[in-house]
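Close look at the chain arrangement
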Amino acid sequence: MVWREVFEDMHYQWDRDTRGHPTPRRRAGVTADVSGRPEYSWHPAGLALLLAPVLAPFRGTAAVEPLALVATLAVSLLALGAFRGLLRHLGADPIETNVLSALTFLGTPLWFYARSLFAEPYLAASVVGAYWLALGPGMHLPAGILIGIGMLMKPPFGLVLIPLAAWALWRRDWRALAALSVPPMAATGVILWQDYVMFGSPWRSPQPFQAGSLVEGLGGLWLSVRHGVLATSPIAAAALAGWPYLLKQRPGDAVPLAAAFGLYFLLMALWYAWTGGHAYGPRLIVPVLPLLLLGLLGLVRSPLWRCGSARAVTACLAVLSVAFNGWAALDYPEAFGNHAVLELLKVLPGGGPGP
């Protein structure tokens, strides 16, 4: 049974025991006997297991939560380093690498999630690191390990393996294909084993996939004010304009990168809860936003960049993106389910909560 089917969901409706600890209150009319039955998380255990070696020495102290956030920051910086490596592999010069890296990590919700305990920063580091290692230095086994780690945090993350596996298959690089595939296959075995131990069957997961409207999900993830890519990161429009040129100039690298973004985006759009719950921006696709923003390199290398108006529009989009996400990162509690423009409307004369 899902926990909220038995107990009241809101903590302020709970009782307290004699020591002041919260005791969840049953929903009215629910008679199911769940006493003595084990409770497991709605989310996979991967992130907790990943952080355990770092946090275990501080168990029972007030340092656990701050150190968890420090770990998220460290992983976000590793993702930034891998993104810079990917840009250099695609031919970016030092200035392009610095500017595009800053825009990607400050002009998207990656900045907001870098100070959170969500899995998205860890997944972003995994996908960017895997594609840099595979396409750049040719380190296929470490790339596969990163994908496997991501799957333990969120099993659908295995989708990002498909373009790299297809790339190796196209090149008939059987060694690369095996090195990329073995760690995700091992992760799949661990996931099935966990489901068997916790839920009685390898095919029964804690959060079964529930399809929604693909049209609604696609429209929302692009255009929603609160959870859309273009609203939270207007610079993504410039990146989209640059992708055709990047695909033309570097097809061997660009096609797998574009496919990884597209596959993951489509699956999250098909998910009934495409908003990502009570969160900031398009949470569910934050891990692959760096891949989308690689299109900026194609834009600055394309003939379109010689047009002064194109550069001016891109600069405006960049300023807006950094401003929106800077507000979210610095006014963290207010950013959940909100947007900088909607927050601004509240303080204007006659303003309301916004659409």
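Just so it is clear, the structure is predicted and the values come from calculations on it, not from any experiment.

Side note on helix α6 (residues 140-153)
Along its 14 residues, α6 runs 20 Å from first to last C-alpha, staying within 8% of the 20 Å computed at 1.5 Å per residue. Within the span of α6, buried status applies to H140, A143, G144, I147, G148, G150, M151 and M153. Those residues of α6 that are buried lie in contact with α1 (46-55), α5 (120-135), α7 (161-170) and α8 (174-199).

Details of the side chain of S233
Note that S233 resides in the loop between α10 (229-232) and α11 (235-249). Since its relative accessible area comes to 1%, S233 is described here as buried. Polar contacts involving the side chain of S233 include one to the main-chain carbonyl oxygen of G107, which spans 3.0 Å. Look past the residues within four positions of S233 in its chain and what remains in contact with it is G107, T108, P109, S321 and N325.

Quick notes on the side chain of T232
Tracing the backbone shows T232 in helix α10. Note on T232: relative accessible area 0%, which makes it buried. A distance of 2.9 Å separates a polar side-chain atom of T232 from the backbone oxygen of G228. With residues up to four places along the chain from it excluded, the contact list for T232 reads G107, P109, R226, Y280, G281, P282, S321, F324, N325 and H339.

Quick notes on the environment of W132
Along the chain, the position of W132 falls in helix α5. Using a relative accessible area of 27% as the deciding quantity, one classes W132 as partly exposed. Spatially, the C-alpha atoms of W132 and G81 are 10.0 Å apart, while their sequence positions differ by 51 residues. What W132 contacts, discounting residues up to four positions off in sequence, is A82, G85, L86 and P137.

Things to note about the nonpolar core
Membership of the largest hydrophobic core comes to 88 residues, with the highest contact counts inside it found for L257, L291 and L294. Beyond its immediate sequence surroundings of up to four residues, L294 is in contact with F83, L86, L87, L90, W243, L246 and L257.

Some points on a nonpolar patch on the surface
Together, V341, L344, L345, V347 and L348 make up an exposed nonpolar region whose accessible area comes to about 420 Å². You can see V341 is positioned in helix α17 (residues 340-347). You can call V341 partly exposed: its relative accessible area is 37%.

Focus: the packing of aromatic side chains
Here a ring pair, both rings aromatic, is described through the centre-centre distance and the interplanar angle of the planes. One pass over the full model with this rule turns up 17 aromatic pairs. Ring geometry for F83 and F105: centres 5.8 Å apart, planes at 70 degrees, overall edge-to-face. Of the two residues, F83 is situated in helix α2 (residues 64-89) and F105 in helix α3 (residues 94-106); the sequence distance between them amounts to 22 residues. We note that F83, like F105, is buried. In textbook terms, an aromatic cluster arises when at least three aromatic residues are bridged by ring pairs, as seen for F112, Y113, F118, Y280, Y332 and F336.

Describing the pattern of salt bridges
A side chain of one charge can pair with a side chain of the opposite charge if their charged atoms are brought near each other. Applying the stated rule across the entire model yields seven salt bridges. Among the charged side chains, a salt-bridge network with shared partners connects E120, K154 and R283.

Observations concerning unusual backbone geometry
Its identity is not glycine, yet R172 carries a phi of approximately 55 degrees, on the positive side. With respect to the helices and strands, R172 occurs in the loop between α7 and α8.

Topic: the packing of α2 against α3
Interaxial distance between α2 and α3 falls to 10 Å at its minimum, and their mutual angle equals 140 degrees. Comparing their axes, α3 and α2 come out oblique. Judged by the sense of rotation from one axis to the other, the crossing of α2 with α3 is right-handed. Residues S76, A79, L80, F83, R84, L87 and R88 of α2 touch α3, and the partners they reach there are T97, N98, L100, S101, T104 and F105. Residues belonging to the contact of α2 with α3 are distributed by class as follows: six nonpolar, five polar and two charged.

Conventions and cut-offs
- Starting afresh in each chain, residues are numbered from 1 along the sequence in its written order.
- Only residues with pLDDT of at least 70 are given local features in this predicted model, and only at 80 or more are side-chain atom pairs given and counted; all residues enter the totals for whole chains, interfaces and linings.
- Heavy atoms throughout the structure, all of them, feed into the side-chain values; hydrogens and water do not.
- For the purposes of this entry, the term helix denotes a DSSP run of H or I that reaches at least four residues, the term strand denotes a run of E that reaches at least two, and both are numbered from the N terminus.
- Here, expected helix span is obtained from the residue count minus one, scaled by 1.5 Å.
- The rule is simple: take the accessible area with a 1.4 Å probe, protein chains only, and divide by the maximum for that residue type; under 20% is buried, over 50% is exposed, in between is partly exposed.
- Should any heavy atoms of two residues lie within 4.5 Å, those residues are counted as being in contact.
- Polar contacts, as counted here, are pairs of nitrogen or oxygen atoms within 3.5 Å of one another; within protein the pair requires one atom able to donate a hydrogen and one able to accept it, and residues that are adjacent in sequence qualify only if both atoms are side-chain atoms.
- The criterion is simple. A nonpolar core is a set of buried Ala, Val, Leu, Ile, Met, Phe, Trp, Tyr and Cys residues joined through side-chain atoms within 4.5 Å.
- Like charges are joined within 9 Å and nonpolar side chains (Val, Leu, Ile, Met, Phe, Trp, Tyr) within 5 Å, but only among residues with over 30% relative accessible area and no salt bridge; these make up the patches.
- Only the protein chains shown count as cover for residues, and the accessible areas themselves come from Shrake-Rupley with a 1.4 Å probe.
- Note on definitions: salt bridges are taken to be side-chain nitrogens of Lys or Arg within 4 Å of carboxyl oxygens of Asp or Glu.
- The aromatic pairing rule takes the rings of Phe, Tyr and Trp, using the six-membered ring of Trp, and pairs them if the centres are within 6.5 Å, calling planes under 30 degrees apart stacked, those over 60 edge-to-face and the rest tilted.
- The convention used is that axes are lines fitted to C-alpha atoms, helices contributing only their stretch in contact, and that angles between N-to-C directions extend from 0 to 180 degrees.
- In these notes the angle categories are as follows: under 35 degrees is roughly parallel, over 145 is roughly antiparallel, 65 to 115 is roughly perpendicular, and the rest is oblique.
- Should the near helix be turned anticlockwise from the far one by less than a right angle, the crossing is left-handed, and should it be turned clockwise, the crossing is right-handed.
- Each residue gets one of three labels, nonpolar for Ala, Val, Leu, Ile, Met, Phe, Trp, Tyr, Cys and Pro, charged for Asp, Glu, Lys and Arg, and polar for the others, Gly among them.

Scope: geometric values only; no functional claims are made or implied.
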